[in-house]
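Listed below, chain by chain, are the residues.
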Amino acid sequence: NTPLAALLTLNDVQFVEAARVLAEKILTAETDDAKRLDSIAKRLLARPFRAEELTIVTDGLKSLRAHYKAKPEEAKKLIAFGESKADAKLDASELAAWTMLANQLLNLDEVLNK
């Protein structure tokens, strides 16, 4: 991994759209955050989060939720990124928060090199 590769995986339309689609699947398949976080970890890492990782990811999700609740236009812009349409049944700020969380997780070295 290089800084240039990280810029690509965090910002490229294909990666952001893939993160959004993953977030949509997680949001529609599970009903609470604990199950959602477990599901995303198992999909991306092939294992559950460790306790210290879960704390970091949970705090990150809380911060992302607060950000997109306060800036709903940014949330709508983020989830419109890419060719496929976002699931209109999902709350835009919630989907945006999970999209960015998925985007961050997709950029982990353990995910990229497993």
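Parameters and conventions
Residues numbered from 1 in each chain as written. Predicted model: local features only at pLDDT ≥ 70, side-chain atom pairs only at ≥ 80, totals over all residues. Heavy atoms only, no water. 1 Å grid on protein atoms, 1.4 Å probe; cavity = no way out; pocket = protein on both sides within 12 Å on 5 of 7 lines; lining within 4 Å. Points joined across faces, edges and corners; volume = space filled by probe spheres on them. Helix = DSSP H or I, 4+ residues; strand = E, 2+ residues; numbered from the N terminus. Core = buried A, V, L, I, M, F, W, Y, C linked by side-chain atoms within 4.5 Å. Buried < 20%, exposed > 50% of the residue type's maximum accessible area, 1.4 Å probe, protein only. Salt bridge = Lys/Arg side-chain N within 4 Å of Asp/Glu carboxyl O. Contact = heavy atoms within 4.5 Å. Axes fitted to C-alpha atoms, helices over the stretch in contact; angles between N-to-C directions. Parallel < 35°, antiparallel > 145°, perpendicular 65-115°, else oblique. Left-handed = near helix turned anticlockwise from the far one by under 90°. Nonpolar A, V, L, I, M, F, W, Y, C, P; charged D, E, K, R; others polar. pLDDT = per-residue confidence, 0-100.

A. The arrangement of the layout of surface pockets in detail. A volume near 160 Å³ is recorded for the largest pocket. In this structure, the largest pocket is lined by L45, R47, F49, E53, I56, V57, G60, L101, Q104, L105, L108 and E110. Residue contributions to the lining of the largest pocket peak at four residues, all from helix α4 (residues 51–70).

B. The arrangement of the nonpolar core in detail. Core analysis: the largest hydrophobic core is formed by 30 residues, its most contacted members being I40, F49, Y68, W98, L101 and L105. Looking at this core, the elements that each hand over two or more residues are α2 (13–29), α3 (33–45), α4, α5 (72–79) and α6 (92–106). Tallying contributions element by element places α6 first for this core, with nine residues.

C. Just the pattern of salt bridges, in detail. Overall, the coordinates contain ten salt bridges when judged by the stated rule. For D38, the salt bridge identified is with K42, shortest N-O distance 3.0 Å. Taken together, the positions of D38 and K42, both in helix α3 and four residues apart, correspond to about one turn of that helix. By relative accessible area, K42 is classed as partly exposed at 46%. As a salt-bridge pair, E53 and R47 come within 2.9 Å of each other at their nearest N and O atoms. In terms of burial, E53 and R47 fall into one category: buried.

D. Representation of unusual backbone geometry. Here the phi dihedral of A46 falls at roughly 65 degrees; this positive angle occurs in a residue that is not glycine. Structurally, A46 can be placed in the loop between α3 and α4. Given a relative accessible area of 61%, A46 falls into the exposed group.

E. Here's a closer look at the environment of L54. Among the structural elements, L54 can be located in helix α4. Taking relative accessible area as the criterion, L54 reaches 35% and is therefore assigned partly exposed. The spacing of L54 and L37 is 17 residues in sequence and 8.1 Å in space, taken between C-alpha atoms. Sequence-distant contacts of L54, that is, excluding residues within four places in its chain, are made with L37 and F49.

F. Seen up close, the packing of α2 against α6. Running from N to C, α2 and α6 point in directions that differ by 120 degrees, and their axes come no closer than 8 Å. In this view, α2 runs oblique relative to α6, as classed from their interaxial angle. Judged by the twist between their axes, the crossing of α2 over α6 is right-handed. Side by side, α2 and α6 meet where F15, V16, A19, R20, L22, A23, E24, I26 and L27 of the first sit next to E94, L95, W98, T99, A102, N103 and L106 of the second. Of the residues that constitute the contact of α2 with α6, the class distribution is eleven nonpolar, two polar and three charged.

G. Quick peek at the confidence of the model for the protein. When pLDDT is averaged along the protein, the result is 93; 96% of the residues meet or exceed 70. Summarising per-element confidence for the protein, the mean pLDDT is lowest in helix α1 (residues 3–11) (71) and highest in α4 (98).

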